[in-house]
Amino acid sequence: MKIFKIPAILFAFSCSFSAQLFAQNKTETGKRPNIVIIISDDHAFQAISAYGNKYAKTTNIDRIAKEGALFNKGYVTNSICGPSRAVILTGKYSHKNGFKDNENSRFDGSQDSFIKQLKGSGYETAWIGKWHLETDPQGFDYWQILPGQGHYYNPDFHMMDGSRKRTEGYVSDIVEDVSENWMDNRDKDKPFCLVIGHKATHRTWIPDIKDMGKFDDVTFPLPHNFYDDYKNREAAKVQDMSIAKTMVMGYDLKVFKDETDTNKEGTISRMNAEQRKKFDDYYLPIAADLKSRNLSGKELTEWKYQRYMRDYLSTAVSLDRNIGRTLDYLDKNNLTENTIVIYLSDQGFYLGEHGWFDKRFIYEESFRTPMVMRYPGVIKPGTVSNDLVMNLDIAPTMLDAAGVATPKDEQGESMLPLFTDKKAKGRDAIFYHYYENGEHSVSPHFGIRTKRYKLVRFYKRVSSWELYDLKKDPNEMNNLYGQKGSEKITAEMKVKLNKLIDQYDDQDAKALLKG
Ligand code: SGN
Ligand code: CA
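Residues numbered from 1 in each chain as written. Chains lettered and ligands numbered in written order. Predicted model: local features only at pLDDT ≥ 70, side-chain atom pairs only at ≥ 80, totals over all residues. Heavy atoms only, no water.

A.B. asks: For this particular structure, what's the right way to read the domain arrangement of the chain?
C.D. replies: Accessible area lost upon the coming together of the parts serves often as the stated size of an interface. Here the domain parsing of the chain yields domain 1 (8-205 + 315-421), domain 2 (209-309) and domain 3 (432-514). On the domain 1 side of the contact with domain 2, Y55, Y153 and F357 bury the most area, a combined 23% of that side's loss. Here domain 1 is connected to domain 2 by three salt bridges. A salt bridge links D252 to R203; its shortest N-O distance comes to 2.7 Å. (Domains from an automatic or database assignment. Buried area = accessible area lost by both parts, 1.4 Å probe. Salt bridge = Lys/Arg side-chain N within 4 Å of Asp/Glu carboxyl O.)

A.B. asks: How do you make sense of unusual backbone geometry when you look at a structure like this?
C.D. replies: Among all residues except glycine, the phi angle is most often negative; among peptide bonds, the trans geometry is most common. Cis peptide bonds are those with omega within 30 degrees of zero, and the linkage from A200 to T201 qualifies with 5 degrees. Within the secondary structure, T201 is located in the loop between β8 (192-197) and α7 (234-238). The omega torsion across R203 and T204 is 10 degrees, close enough to zero to call that bond cis. Along the chain, T204 falls in the loop between β8 and α7. You will see that D42, though not glycine, has its phi angle at about 65 degrees, which is positive. The class of D42 is buried, set by a relative accessible area of 1%. The phi angle at D505 is positive, at roughly 55 degrees, despite the residue not being glycine. With respect to the helices, strands and loops of the structure, D505 is situated in the loop between α15 (487-504) and α16 (507-514). For D505, a relative accessible area of 32% gives the class partly exposed. (Helix = DSSP H or I, 4+ residues; strand = E, 2+ residues; numbered from the N terminus. Buried < 20%, exposed > 50% of the residue type's maximum accessible area, 1.4 Å probe, protein only.)

A.B. asks: What should I look at first to understand the site of ligand 1 in this one?
C.D. replies: As a matter of local geometry, ligand 1 sits amid 18 residues, with C81, Y251, D358, E439 and H440 nearest to it. At a separation of 2.9 Å, an oxygen atom of ligand 1 approaches a polar side-chain atom of Q149. Contacts to ligand 1 include E439, whose side-chain N or O atom sits 2.5 Å from an oxygen atom. Expressed as a share of its isolated accessible area of 450 Å², the protein-covered part of ligand 1 is 85%. Within the shell around ligand 1, the residues separate by chemical class into three nonpolar, six polar and nine charged. (Near = heavy atom within 4 Å. Polar contact = N/O pair within 3.5 Å; in protein donor to acceptor, adjacent residues only side chain to side chain. Areas by Shrake-Rupley, 256 points an atom, 1.4 Å probe, with all protein chains shown as cover. Nonpolar A, V, L, I, M, F, W, Y, C, P; charged D, E, K, R; others polar.)

A.B. asks: What's the story with the coordination of the calcium ion (ligand 2) in this structure? I'm lost.
C.D. replies: Tetrahedral coordination by four donors sets the ideal angle at the metal to 109.5 degrees; octahedral coordination by six donors sets it to 90 or 180 degrees. Donor atoms from the polypeptide that coordinate the calcium ion (ligand 2) comprise D41 (OD), D42 (OD), D346 (OD), D346 (OD) and Q347 (OE1), at 2.2 to 2.8 Å from the metal. One can describe the donor arrangement at the calcium ion (ligand 2) as irregular, given that its six donor atoms subtend angles of 50 to 162 degrees at the metal. Here D346 falls in the buried class, since its relative accessible area comes to 0%. (Donors = N, O, S within 2.8 Å, 3.2 Å for Na, K, Ca; no water. Tetrahedral: all angles 85-135°; square planar, octahedral: opposite > 155°, others 65-115°.)

A.B. asks: Would you mind going over the nonpolar core with me for this structure?
C.D. replies: General note: in soluble globular proteins, nonpolar side chains tend to be found buried as a group. In this structure, L194, Y308, Y312, Y343, F349, L351 and V372 are the most contacted members of the largest nonpolar core, which totals 68 residues. A per-element tally of this core places helix α11 (residues 297-332) first, with twelve residues. Two domains each put at least three residues into this core: domain 1 (8-205 + 315-421) and domain 2 (209-309). Once residues lying within four places of it in the same chain are set aside, the contact partners of Y312 are D42, H43, A44, A47, T201, W205, F349 and L351. By size, the runner-up hydrophobic cluster in this structure holds 45 residues, among which are F367, F431, Y459 and M493. (Core = buried A, V, L, I, M, F, W, Y, C linked by side-chain atoms within 4.5 Å. Contact = heavy atoms within 4.5 Å.)

A.B. asks: Explain the confidence of the model for the chain to me, please; I cannot follow it from the model alone.
C.D. replies: Interpreting fine coordinate detail is not advised for predicted regions of low pLDDT. When the pLDDT values of the chain are averaged, the result is 94; 94% of them are 70 or greater. Taken together, the stretch residues 1-29 has pLDDT below 50 and engages in 29 contacts with residues farther than four places along the chain or on a different chain. (pLDDT = per-residue confidence, 0-100.)

A.B. asks: Looking at this structure, I do not really get the side chain of R276. What am I missing?
C.D. replies: Here R276 shows up in helix α10 (residues 273-293). What makes R276 buried here is its relative accessible area of 14%. There is a polar contact of 2.8 Å between the side chain of R276 and the side chain of N263. Those residues within four positions of R276 in sequence are excluded, and the remaining contacts are E259, T262, N263, I268 and M271.

A.B. asks: What is the right way to look at the environment of D320 in this model?
C.D. replies: Structurally, D320 is set in helix α11. Sequence separation of D320 and D177 is 143 residues, and the distance between their C-alpha atoms is 14 Å. Setting aside chain neighbours within four positions, we find D320 in contact with K57, T58, T59, N60 and I61. Among the polar contacts listed, one links the side chain of D320 to the backbone nitrogen of T59, at a separation of 3.2 Å.

Right under this line is the structure:
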């Protein structure tokens with residue numbers, strides 16, 4: 001086997017060398033990397049073994065991290081689905097790309113995106129799976145998307161010709177099948193950029209049948225702030241996203257009153273007879289067992305938490321298997337060495353921290369997103385990045401890798417120098433702005449995070465400030481704002497916040513600070 005060793009080293013060297021050339025926009029070698037971006041939905045970093053979860057079985061996400069980089073400080077600019085995808089596409093904050101929330105926004109697809117830039121420079125481009133931007137994708141050679149949130153079983157797809165196509169099976173498998181089919185049939189003379197958009201692990205966390213029950217022998221430890229009293233945190237007090245009160249027994253946990261109740265649920269009513277039988281075989285005994293126990297109060301809440309974790313992590317197994325299929329496809333087709341693979345979620349998620357599920361808040365669990373990236377020859381396998389990076393950076397990073405100049409109005413920064421340039425410093429602070437003021441009752445807010453502190457301004461639903469020392473209080477339980485001794489850091493953080501508001505030209509935030 002020795003004979004292969006030298007070419008492999010040379011190959012790695014030439015990849016690294018060509019990446020340097022591309023970083024300088026010298027593309028004359030002609031071999032630009034393919035790009036595969038896998039975006040899941042609501043997948044918490046706490047639910048991934050590479051990030052330290054002892055129970056999770058995410059071997060394929062872990063594999064990307066092992067063969068590339070694990071970002072420990074990957075964040076989103078606005079922790080909710082549509083807005084996050086719009087940021088990824090445009091490399092611009094929500095107030096610039098226009099998609100501020102899921103409730104009132106429609107993505108203006110006529111604006112520039114990194115996909116359009118790549119296509120213009122000779123890439124073949126596709127987006128397959130969850131999209132959730134209301135308008136049809138633009139700038140892609142091919143797209144096939146789930147309408148809205150999509151369904152876990154036998155999903156419909158919205159096709160380029162305007163038709164709807166229903167496909168039998170489990171959504172993560174189908175999205176992967178379509179993606180592989182597209183890669184098989186692409187123009188092999190061109191580099192490609194494929195975005196695979198997964199529905200998993202979005203509510204209501206329904207795993208593939210073969211993964212149901214995968215975690216039934218695990219009793220998950222409660223996060224230590226599961227019974228948070230939200231002292232000194234007004235917005236946390238008024239939210240409606242708790243496991244105790246908001247999580248629905250039927251809809252979320254598949255414990256229905258009776259068959260008519262079950263049949264009302266979108267995904268379940270779409271199941272064919274065989275799928276439905278397996279679903280019932282798994283969930284009906286759970287419902288019967290719960291009934292026999294007659295739980296209430298904390299016991300019931302903790303029972304809900306266990307069921308939530310089991311469904312959620314099982315759904316992640318179904319997702320992870322398909323991420324593994326993408327990696328295997330690249331291996332089998334000799335694409336691995338010249339393909340960037342990046343996996344991230346559209347945002348983070350609560351797995352019982354503060355007693356919650358869902359996302360939206362600037363607190364770490366939802367602000368942070370899991371992100372791993374493999375780029376052979378450029379990112380050293382096993383790299384762990386502690387730089388502050390954002391979903392905002394995906395667009396400029398991909399353009400940088402492809403040797404395409406980043407348009408001046410993009411607000412993100414290429415992450416490649418963090419790997420290729422020892423002197424690269426990265427950011428010292430990141431800015432966040434969440435706008436929606438509806439479902440789950442999370443107050444709009446904006447704020448800033450530095451490596452150590454976080455300052456937040458809530459408005460509209462509640463009007464308040466919060467300040468955290470993340471070193472002393474990583475779980476953000478002790479709001480220091482207004483407390484004696486915090487004056488100096490508060491003033492410093494306000495200066496930094498104003499600076500980023502100006503840098504990103506967020507006029508709404510600016511007006512709110514003045515008002
Ligand atoms: C749905 C969910 C919410 C979730 C939003 C946004 N409710 O409205 O729980 O926060 O999506 O999710 S559901 O009853 O329809 O499941 S996002 O992933 O699109 O941001
Ligand atoms: Ca989401």
